[in-house]
Protein chains: 2
Amino acid sequence: MSSQAGYDFMCVPIYHPRMKRELLVSDVHKRRPTNLTRPDFVLTSNDWNRLVVGKFSPWIDVDSPDAQIKEHSELVLQQEMDYFSHLGLPVMMFRLKGGNHVNLARLIYNKFTSLHFNCSAWVVVPLESPVTTAISYYRSDVTEEVPSEDTWEWWNVFRSVANYNKHFNLALELSADIPSTANIERWLGEPVKCLIVPTSIFLTNKKGYPVLSKAHQEVVKALAKLNIQMVIQGNKRHEDMNFYVTYLDHLYKSSVSDDPLQTFGQGYEDFLQCPLQPLMDNLESQTYEVFEKDPVKYNLYQKAIYHAMLDMVPTELKTQKTLTVMVVGAGRGPLVRASLNAAKLSDRNVHVYAVEKNPNAVVTLLAQKEDMWGDKVTVISSDMRQWNPEEKADIIVSELLGSFGDNELSPECLDGVQHLLKETGISIPQSYTSYISPMQSSKLHNDVNECTDKTKHPLAHYETPYVVNLQNIYTLAPTQSLFTFIHPNLDEVIDNRRSEKLNFEIKKNCILHGFAGFFSCVLYKDVIMSIAPHNHSPGMFSWFPIYFPIKEPVHLRSGDKLSVYFWRLCSDKKVWYEWCISGPVPVPVHNPGGRSYYIGL
Amino acid sequence: MSSQAGYDFMCVPIYHPRMKRELLVSDVHKRRPTNLTRPDFVLTSNDWNRLVVGKFSPWIDVDSPDAQIKEHSELVLQQEMDYFSHLGLPVMMFRLKGGNHVNLARLIYNKFTSLHFNCSAWVVVPLESPVTTAISYYRSDVTEEVPSEDTWEWWNVFRSVANYNKHFNLALELSADIPSTANIERWLGEPVKCLIVPTSIFLTNKKGYPVLSKAHQEVVKALAKLNIQMVIQGNKRHEDMNFYVTYLDHLYKSSVSDDPLQTFGQGYEDFLQCPLQPLMDNLESQTYEVFEKDPVKYNLYQKAIYHAMLDMVPTELKTQKTLTVMVVGAGRGPLVRASLNAAKLSDRNVHVYAVEKNPNAVVTLLAQKEDMWGDKVTVISSDMRQWNPEEKADIIVSELLGSFGDNELSPECLDGVQHLLKETGISIPQSYTSYISPMQSSKLHNDVNECTDKTKHPLAHYETPYVVNLQNIYTLAPTQSLFTFIHPNLDEVIDNRRSEKLNFEIKKNCILHGFAGFFSCVLYKDVIMSIAPHNHSPGMFSWFPIYFPIKEPVHLRSGDKLSVYFWRLCSDKKVWYEWCISGPVPVPVHNPGGRSYYIGL
C-alpha cells in the first residue's frame, strides 16, 4: 500500500507493540516457538527485502541496571534479530536514548560478525538531545553525574565499542531545536544514510501546505549532499501525507548545485583512488581526454602565459623578438594550444617546443603539427630530463602537479629542465604550496581498513595517500600551508626535502581519521590555480583532494592542540612522505623509509 | 682496562668530541671517507660486541629549528649509526633533552626497521628535568608555551612516534632531586634497562665511603627489581672508583627479597603464558609436581577443611558420625592428604572420595591408597560431572580456580557436582571473586604484538588473556572486584554469566595497555586464599596474575575517569570473556562471541 503511494520503503516494528512477551531463559534454551508477530507470508521475500526496515521493539533495554529487564531484553533482541534475518530485511532500526548503550553495541556487533547475517543497522540518533534544554535550567544544582547530552557522543561510544563496523549507519532525527552549524558539520563526517523528519516540525505556509523553517531547510540541504534517504515520521498534520513527500523531494533536488566539479565528481564521492605515477607509467588516451575537458584549468594557463608574454616582450619590440616556449610534458597538446592562443592574443611571436616522453602521446602531437601548427611547433619525443637542445627557453610551461602539489614530482622534473631556461626565463607555474587539514571520516577510515593487500607491508594501506572526492567528511580545523616549491630554484644546493610541524586548534570533541591534502599554485603573478578550500578555482575539476590516513582513529577533545609532522623525503630512486602526530596523543610515524608508498624517480 | 677493573661494559662517545665535523650534503652523497674517529682495530670485534655502549656525539640536534644544524646533524647521525653498526656495538646511547625529539625518533626508528641493523638503543632520560625547579619560580610570568617538564612525557612522545619499537629501551638517570613515588612507579611500567648513577649525588659516610641518601636508595631498589644494568657516570669524587661499584652492588643485591613467590617466579618475569585448560587437556606430571610444592596453598586448604569438620560434627558426636568428603579433581592427591590431615587434627572420622578424570593421575592416587590411605579413601576414575554415586557429601573440596578465579570453569564444574552435596553440606571454596586493575606495560604490549598466529583470527593475540608474572608494570588505579561466585549455588535458575562496569580514577598521565586480573577466595569462613594485591596470601606461588591486553594503547590524562566493561559469557560448548572501554576514549569490544579465546566445556 505504501509502495503504491510512492514511498520507496517503510519503517515498521515487526513485533506488535501490544505483544510484549515474557520470556524465560528456559523457554529460549528449549527453543519453544513463539507466535507473537506477523508471519512471514504477509509479504513476498522480494518485498521484505526491498521495502521494509524493521524496528526493534522500543522497550528493549539490554543496558538496564535491572538484571531481569536486561536479561529479558537480551533474549528478545536475539529473537528479533534472528527473525529479521529470517525475513531477509535489509535494515534493522533502533534508537539510542543516551550514552550508555555499550551492551547493545556489543550484542549487535557480535551478530554482525557471525556468518549468515546480512542485515545492516540504522541507528536512530536525535540531532539534539530532548533533555538538553531541561537540564541547562538545573545544571547549577546538579550533583549527580550528568550523562553527556551531546548526541554525537552517544553515537561515538556506540560505534567505537562496535569496532567501527561498517554495517552500522546513522538515521539522524531532525528535532524542533536546531543544532549548531558546528554540530551539523561534525555529522557530515559520519556514515549518515537516513534523515528522519517528524511531521510535528513542519510549519504551514499561507497556502496551507507544510514547509520547514529556514533553519531546518539548511539542515536538510547540508545532509542531502551525502545521498541520504529521507523518512517521514509521525501522524498526518496536513491534508495529505504526500505533501510532505513532495516538499522534501523538492528540497532535496534543490540542494544539488550545477557546479561542474560536483557534476564531474558524481559517482566518485569518497571513493579511494591511488595517485597517478605519470613518471613511471604512461597515461592512457582516456586519461588525457578527461583532463583536457577541464573548462577552467587551461584558461588559467593561457591567461598566465599571456601575461608572461606581455611582460617579456615590450610592445615596441614585438616584431623583433621571437619567444621560445618549451612545454615539458606536453601530453596530447593542451598547453601547446594554450601557448599558441596566448601568443595570438598578446600578438607576440613564438616558437613552441612540445616535449613528451610518452610515445603514444607524441603520435597525437605530430598529427596536430601536421594539420595545424606547422613550423611554430617542434615536437620532441624525449624524457624532458634527458633532452639537450642548444637553444634556451624564455618560458617553460608544465602541468606536473598532483593533488598535493609536489606529489607527482614536479619539483624534481622542473629542476631537471631549468638548465634549459634563460637567466631571465619564467617557469609557469612559478610556485606551488601544499595544504593540509585534519579530518574525520568514518567512511574513509573503514574503506582504508579494508584495503589490505597481502603482497605488501601489513600497514601499507594505512601508509598510502589516496586521491578522493571528499564528501562524507568533517574538517576539524582550518587548512594550513605545508610545503612550498619555487621555480626556477636558484638555491646553491637544491634540496627538495621538506619537514614541517603544524599545530591545529580543535574546537569540538571529535575523531581524527587523517588529513585532507590540497595544493594552491601561482601560475604567473596573480594567476592562481588552486584546489585548496580557501581559494578553490571555481569549476575546475582536474584534481580531487588527497587523503593521508592514520592507522588508528584518535579521539580528540575540545581545546586540544593537535601537533602534526609531515616530511617529504628523497633518495636517488624515490620520493616519499612520512607523517606522525606528537600531541595531544602521540601517533607512530607512518610510512618510515617509504616502505609502503613512494613515487619512483 | 675497564674490563680488567671489574666492569661489565663501558659507555663511550665513539667519535671524539674534539672532532666536530662540517659535512656537506655533497660530501656524503659522494661517499667521501672521513677519518675522524677511532679505527675499528683498537678492539677485537668480540670486545666491541660485548663491552662497548656507543654514545652519539652530544651536539647532534636533528630537531633543531635551524635548518643548517638540523641537516648537518642528520648527516652525522646517519654516519654514527652506520659506524656503530659496522663495529658491531650491541647498544647505542643518546639523551633526550625535552619533549621535541620527533625527528630523532623517526630517524632511528627508520634505521631499526632497515635490514642488517642489529644495534639497539638506550635512551637516556633524567628522572627529573633539570629545569623543573627553575621554571616553577617563574611560572606566573610565563606567557610563552612551556614545554612539558615531566620527563616521562618526553619519553612517551619519543617512543610513540617510534611505534613502541622494542629496540628502544630506557637508561634512566638519577638526579639530585628525588622524583615522587608516583613518578617512580610509572617508570616501572616502562622498558628500563639501565640506571645511570652520577658520582655527584653520592654522600660520604663517617668512614669516608660513598653512600646514597635514603631516598636515592629507595629509587635504586625499586628499579633493581627490573633486572637492570647500572652505570656510574662522572668524575671520581672518592678515593677509589671501585667504592661506587661495591656500594651499588650491595644495594642491588639487598633489594632482592627471599620471598618464595619471587624465588619461584624468577626467570618467568613478564613472560606471557597461555592459561591452562585443565578441562580440555590433561595436566602433565610435572605440572602437578610444581603446584604441589606450594608451601602455603595446601596449608590453607587443610585449615579450611579442619574448621569445617569441627563445625559439622560437635565434639560429643565425633565417634558416632563419619563425614563424607569428596575431593573433586583430586589430581595426584594433595587435597586428599589435606583432608586426611584435617580429620586427624580435628579428631573426626572421615571417608574421602578422590574423583579424578585424568587416568594418568588416577594411577598415582591408587598407588597412595594401596600404600597409605587404605579404606579411608575411595578413588573414582571419572569426570566429576558424570559421576553418580548413591551417597552424598558433607564436604566437597576442589581446587579448580584459575588466576582469574572462575576462568578455569570452577563455577560450571561445581554446579555440576552440587547435587552430590547434602543440604547441610559445605563447598570448599565457599566463594571466590575476580579483581582487575588497569595497567601500563610497554614490555607486555610489545610481546603481545609479536604473538601473531596466522592460523587464528588476526586480532586473536589481542583478545586472549595471558598468565604472567607481572613485574615490569605500572598499576594505574587500585584493584577493584569484578565477578563473584558462591557455592553451592542455590539460585532457582543457575546463570554463570556476568557483566560489570567499573570506573577507575586516573591520577597521572599514563598509557593503558590492558588489565591485570587476580582472584580472592573464601575457602571456609575466615580462611582466605588470595592473589589479589590487597590481601595476597604470603608466600603462595601457585598462581601468577592474568593479563587482559587491549589492541591499541590508550593515552590517559590525569583526572580521567576510565570506564571498563567486562562480560563473562556462556554457550553450551564454551565460556569466554569480552571486554571494552566506554570512556574517556571508547575502545572496541574485545573477543566478541569468544572468537579468539574461550574455555571449552
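Chain A is annotated in an unreviewed UniProt entry as Protein arginine N-methyltransferase from Cloeon dipterum. Per UniProt, chain A carries the Sequence similarities (unreviewed entry) text "Belongs to the class I-like SAM-binding methyltransferase superfamily." Taken from UniProt, the Catalytic activity (unreviewed entry) comment for chain A reads in full: "L-arginyl-[protein] + 2 S-adenosyl-L-methionine = N(omega),N(omega)'-dimethyl-L-arginyl-[protein] + 2 S-adenosyl-L-homocysteine + 2 H(+)".

(A) Summary view of the packing of helix α8 (residues 214-224) of chain A against helix α9 (residues 241-254) of chain A. Residues and elements named next belong to chain A. At a minimum axis separation of 9 Å, α8 and α9 run at an interaxial angle of 60°. Compared by their axis directions, α8 and α9 come out oblique. In this structure, α8 crosses over α9, and the sense of that crossing is right-handed. Contacts between α8 and α9 involve Gln217, Val220, Lys221 and Ala224 on the former and, on the latter, Tyr247, Leu251, Tyr252 and Ser254. Split into classes, the residues belonging to the contact of α8 with α9 amount to five nonpolar, two polar and one charged.

(B) Here's a closer look at the UniProt feature "site: Critical for specifying symmetric addition of methyl groups" (unreviewed entry) in chain A. All names here are of chain A. Cross-referencing UniProt, the feature "site: Critical for specifying symmetric addition of methyl groups" (unreviewed entry) maps to Phe291 in the present numbering. Following the sequence through the fold, phenylalanine 291 ends up in helix α11 (residues 285-292). With a relative accessible area of 25%, phenylalanine 291 lands in the partly exposed category.

(C) Structural context of the relation of the copies chain A and chain B. Under the fitted operation, chain A is carried onto chain B by 0.0 Å of movement along the axis and a turn of 180°, and the coordinates agree to an RMSD of 0.1 Å. These values place the two chain copies in the arrangement generated by a two-fold rotation axis. Across chain A, the smallest distance between a C-alpha and the rotation axis is recorded for glutamate 552 of chain A, namely 4.0 Å.

(D) Representation of the interface of chain A and chain B within the structure. The interface of chain A with chain B comprises 41 residues on the first partner and 41 residues on the second. Overall, the association of chain A and chain B removes approximately 3300 Å² of surface from exposure, summing both partners, and the carbon and sulfur fraction of that is 53%. Taken as a group, Arg106, Arg557 and Pro586 of chain A account for 18% of the area that chain A buries against chain B, more than any other trio of residues on that side. At the boundary of chain A with chain B, the tally comes to 10 salt bridges. Note that arginine 557 of chain B is salt-bridged to aspartate 560 of chain A, the shortest N-O span being 3.0 Å. When contributions to the side of chain A that touches chain B are tallied by element, the ones reaching two or more residues are α3 (67-87), α4 (102-113), α6 (151-161), β22 (546-556), β23 (561-570), β24 (574-583) and β25 (587-590) of chain A. In terms of residue count, α4 of chain A provides more of the side of chain A that touches chain B than any other element does, six residues in total.

The rules we used
Residues numbered from 1 in each chain as written. Chains lettered and ligands numbered in written order. Predicted model: local features only at pLDDT ≥ 70, side-chain atom pairs only at ≥ 80, totals over all residues. Heavy atoms only, no water. UniProt positions renumbered as here; feature names shortened; annotations may be inferred. Axes fitted to C-alpha atoms, helices over the stretch in contact; angles between N-to-C directions. Helix = DSSP H or I, 4+ residues; strand = E, 2+ residues; numbered from the N terminus. Parallel < 35°, antiparallel > 145°, perpendicular 65-115°, else oblique. Left-handed = near helix turned anticlockwise from the far one by under 90°. Contact = heavy atoms within 4.5 Å. Nonpolar A, V, L, I, M, F, W, Y, C, P; charged D, E, K, R; others polar. Buried < 20%, exposed > 50% of the residue type's maximum accessible area, 1.4 Å probe, protein only. Least-squares fit on C-alpha atoms with pLDDT ≥ 70 in both. Buried area = accessible area lost by both parts, 1.4 Å probe. Salt bridge = Lys/Arg side-chain N within 4 Å of Asp/Glu carboxyl O.

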